[in-house]
Amino acid sequence: MFDDKYFEWNQNRIKNIVEFYGHKFFYFKKVLDLGCGYGDMGGVLYRLGAAVTGVDARQDHLKIVGKKFSGIKTVKANLDGPWPFSNQKFDLVLDLGLMCHLNNYEQHIKSVCSSTTHLVLETAV
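Draft legend 1. Geometry of helix α4 (residues 105-113). Here α4 has its buried residues at His108, Ser111 and Val112. Along the axis of α4, the buried positions cluster into a sector of 95°, meaning they face one direction only. Residues of α4 that are exposed and point more than 90 degrees away from the buried face comprise Glu106 and Lys110. The secondary structure elements touched by the buried residues of α4 are β1 (30-34), β4 (92-96) and β5 (119-122).

Draft legend 2. Structural view of the environment of Lys89. Relative to the elements of secondary structure, Lys89 occurs in the loop between β3 (73-76) and β4. When the C-alpha atoms of Lys89 and Ile17 are compared, they prove to be 20 Å apart, with 72 residues separating the residues in sequence. The contact partners of Lys89, leaving out residues within four places of it in the chain, are Lys30, Ser114 and Ser115. Only 2.4 Å separates the side chain of Lys89 from the backbone oxygen of Ser114, close enough to count as a polar contact.

What counts and what doesn't
Residues numbered from 1 in each chain as written. Predicted model: local features only at pLDDT ≥ 70, side-chain atom pairs only at ≥ 80, totals over all residues. Heavy atoms only, no water. Buried < 20%, exposed > 50% of the residue type's maximum accessible area, 1.4 Å probe, protein only. Helix = DSSP H or I, 4+ residues; strand = E, 2+ residues; numbered from the N terminus. Arc of directions from axis to C-beta. Contact = heavy atoms within 4.5 Å. Polar contact = N/O pair within 3.5 Å; in protein donor to acceptor, adjacent residues only side chain to side chain.

Now the structure itself:
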């Protein structure tokens, strides 16, 4: 599903996020990776000491995440439905390339913002 250009692009995105916050920021932080795909973004932050929860609508993606990064918690969720993390707080939420797949992006953003202090938001047209 993902080609070499995707992996190179993904590496550049995570490199920029880590450079922006600095390596030490992620130590003992709670990170939520929405639409995590194969978990590569969250995997880098996990290696930097973050407690990462990867969320995806596809169980086959979550199985790959579990095999690659056994310490990352995975949650299968349709993010067009009710926000599954309403009573939880995260230090950082990665919301990358997900909104174009949602019917109610405004409610999604409100829900995400209620659960975090730092949001990395990327949209696609």
